[in-house]
Amino acid sequence: MSVIVPSAITRRSLLAGAASVGVAASLPSAADSSRMQEFGLTAAPGRVPLVGESYPATEVWCYGNRIPGPELRVRQGQPVRVVVRNELPEDTTVHWHGIRLPNAMDGVPGLSQPPIKPGEQFVYEFTPPDAGTFWYHPHADSLKQLGRGMAGALIVEEPEPVAVDRDLLWMLSDWRLTSLAQIASGFGNAMEAAMSGRVGNTITVNGGVSEQVSVRSGERIRLRLVNCALARMMALRFEGHRPVVVAIDGQPCEPHEAPGGRLLLGPAMRVDVVLDMQGDPGRRYRVIDDFYDGLSYWLTQLAYDAGPPMRAHPLDAPLSLPRNPVPEPDVATAERHVLRLQGGMMGGGAMMGMGGMQGMGHGASWGINGHSMTGDGHAGMPPLLTLQRGRSYVLTLRNETAWWHPMHLHGFSFRVLSRNDSPVPYRQWADTVLVPPKETVDIAFVADNPGDWMLHCHVTDHQVSGMMTVLRVA
Ligand code: C2O
Ligand code: CU
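Along each chain, numbering runs from 1 in the same order as the chain's sequence is written. Ligands are numbered from 1 and chains lettered from A, in the order in which they are written. For this predicted model, a pLDDT threshold of at least 70 governs which residues receive local features, and a threshold of 80 or more governs which side-chain atom pairs are given and counted, while totals over whole chains, interfaces and linings are taken from all residues. Side-chain descriptors were evaluated using all non-hydrogen atoms of the structure, hydrogens and water having been removed beforehand.

### Here we look at the sheet that holds strand S14 (residues 234–238)
Sheets are built from strands paired through backbone hydrogen bonds, the pairs being either parallel or antiparallel. By this definition, two strands are paired if DSSP reports at least two bridges between them. Think of it this way: any DSSP run of H or I at least four residues long counts as a helix, any run of E at least two long counts as a strand, and we number them from the N terminus. Sheet architecture is open: five strands sit in the order S12-S20-S19-S14-S17, paired in mixed fashion. Two strands bound the open sheet, and with one partner strand each, they are strand S12 (213–215) and strand S17 (263–265). The average undirected angle you get between the axes of adjacent strands in this sheet is 25°. The pairing of S12 with strand S20 (residues 297–304) spans three bridges and is parallel. Residue Ser214 lies in a different strand from S20, and its bridge partner there is Ala303. Helix axes are fitted only over the stretch in contact, all axes being lines through C-alpha atoms; the angle between N-to-C directions runs from 0 to 180 degrees.

### A look at the side chain of Asp106
Within the secondary structure, Asp106 sits in the loop between strand S6 (95–97) and strand S7 (121–126). Comment: no salt bridge for buried Asp106; closest opposite-charge side chain is Arg270, at 11 Å. Between two residues, a contact is recorded if the distance between any of their heavy atoms is within 4.5 Å. Every residue in contact with Asp106, bar those within four places of it in the chain, is listed here: Val94, His95, Trp96, Leu101, Ser112, His410 and Trp453. Partly exposed describes any residue whose relative accessible area lies between the buried limit of under 20% and the exposed limit of over 50%, with all areas from a 1.4 Å probe on protein chains only and scaled to the type maximum. The positive count covers Lys and Arg only, the negative count covers Asp and Glu only, and His and the chain ends enter neither. Any carboxyl oxygen of Asp or Glu within 4 Å of a side-chain nitrogen of Lys or Arg constitutes a salt bridge here.

### Focus: the coordination of the copper ion (ligand 2)
Only nitrogen, oxygen and sulfur atoms qualify as donors, provided they sit within 2.8 Å of the metal or within 3.2 Å for Na, K and Ca; with water excluded from the atoms, sites may seem incomplete. Binding of the copper ion (ligand 2) to the protein goes through His405 (ND1), Cys457 (SG) and His462 (ND1), at separations of 2.0 to 2.1 Å. Between the donor residues of the copper ion (ligand 2), the gaps in sequence give the motif H-x51-C-x4-H. On the basis of relative accessible area, Cys457 is assigned to the buried category, the value being 0%.

### A closer look at the packing of aromatic side chains
Geometrically, a pair of aromatic rings is defined through the distance of the ring centres and the angle of the planes. Stacked, edge-to-face and tilted are the three classes for Phe, Tyr and Trp ring pairs, Trp counted by its six-membered ring, which pair at centre distances within 6.5 Å; planes under 30 degrees apart are stacked, over 60 edge-to-face, the rest tilted. Going through the model one piece at a time under the given rule, you end up with 12 aromatic pairs. A centroid spacing of 5.5 Å and a plane angle of 45° characterise the contact between Trp96 and Tyr136, whose relative ring orientation is tilted. Placement of the pair is Trp96 in strand S6 and Tyr136 in strand S8 (residues 132–137), with a sequence separation of 40 residues. Seen in terms of ring centroids, Phe291 and Tyr292 are 4.8 Å apart; in terms of plane orientation they differ by 80°. Their pairing is edge-to-face. Classification of Phe291 as buried rests on a relative accessible area of 12%. Here a set of aromatic residues connected by ring pairs shows up, and it is made of Tyr63, Trp96, Phe122, Tyr124, Phe126 and Tyr136. Just above the ring of Trp61 sits the side chain of Arg148; from NZ or CZ to the centre is 4.3 Å. Only lysine NZ and arginine CZ atoms are considered, and such an atom sits over a ring when it is within 6 Å of the ring centre and within 35 degrees of the ring normal. In this structure, Arg415 packs its charged tip against the face of Trp429, placed 5.8 Å from the ring centre.

### Here we look at the sheet that holds strand S9 (residues 152–157)
The sheet built from four strands is open, its strands ordered S4-S9-S8-S6 with mixed pairing. Only two strands of the sheet have a single neighbouring strand rather than two, namely strand S4 (69–75) and S6. This sheet shows a mean twist of 25° between the axes of neighbouring strands, independent of strand direction. Pairing geometry for S6 and S8, over three bridges, is antiparallel. Paired with His97 across the strands is Trp135, a residue of S8.

### Here we look at the environment of Arg75
Its location among the elements puts Arg75 in strand S4. On a C-alpha basis, the gap between Arg75 and Thr127 in space is 9.0 Å, while along the polypeptide they are 52 residues apart. When residues no more than four places from it in sequence are discounted, the contact partners of Arg75 are Arg35, Gln37, Pro128, Val156 and Glu157.

### Thoughts on the environment of Asp316
In this structure, Asp316 sits in the loop between S20 and strand S21 (335–343). A relative accessible area of 75% means that Asp316 is categorised as exposed. As a C-alpha pair, Asp316 and Ala163 span 153 residues in sequence and 9.8 Å in three-dimensional space.

Below, the structure is given as structure tokens:
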């Protein structure tokens, strides 16, 4: 298999004029637009050995002929240009998940751009204001396109390097494979859509089932975890280790250990942890996902080199990352709205809270405040709320269903203020927040980015069957 790694081309001045197009005035502007970072991404079918040599290669859809797609590494505050070519047999778009960018670059078909037709291309240009761990994926026919493997990391580097020995990325994907390692059909099963969504049977780390990851005693690793699954929630525990969470959805938080040492990652969520490798040389430690009761498995193992520790004591360099320029919402004067998440199956099989739901399409099983928008995005989606530009908002996400929902807002990072009215510690920001069944989460943000922005559940089946809405910033 040939692996196509994109090259970052530094183009002196050539694109200087184009770089500023559409950059919202409220976002930091490019300090030096001559440092255009340019990439090419081709979306196309491919074949990849996901489960090892003893199985046939898996037919996938992917970026750059690989799973996951190429890791795009860019500098904070410097313009980025990505030319996306579509060689799939159907329309696609690319959504730059978590990046605060101009609406026209957000990749929602119909709403923010026309879809990219087969054989055509689209040029995305934006200047990432925030450093951190982000990712990209299609926003067209998402169940199939994301479910067949289209996802890649977008890493925005801090201006000063962070004091760690290694920076590792784990793109975690969940696949439903047949016994011949092919992607099972049946995307969009209505019964599944009204429950947990399409949870698979094979989990890969960076595009392959993982036996082990080699580490050295004494080293400090920054590990970037990205849940690229369609529907699978994860709760990761590192046997014998104490990961310190330093960023959530790319945004730095006060460094802290996760409750019970369990890192909760719903679909689309990211967590950056710092791991001081204090295990014994020569030993292996399992990384366990025990989100689903009775279905725990190990994702991989940390395999220590047998050599002597790199250093006798853990580094004492500070763990906190530099803050990003996200505007601080004024919670005291913020306008407040409640978004009720509704629908889905209960134990007995009845739909919950769907009476009087105004479906925009058939096959709706979920809704927000009595409305169901289905699909991946299209023209003419009426906004649920119109927000005033520059104003602070508090949204209460009230989950009235029996299921978990990782709720994603495009175009913003928001403060996670409270859960069930208890304040959330460690100054957490997010773009995708996990709302457990029957619980409530309050989020806050400044509506500084104009446009029509999607807000939806990132369990893809839930999104496409109704748990989606649009917020307009006028
Ligand atoms: Cu990660 Cu609307 O998407
Ligand atoms: Cu959901």
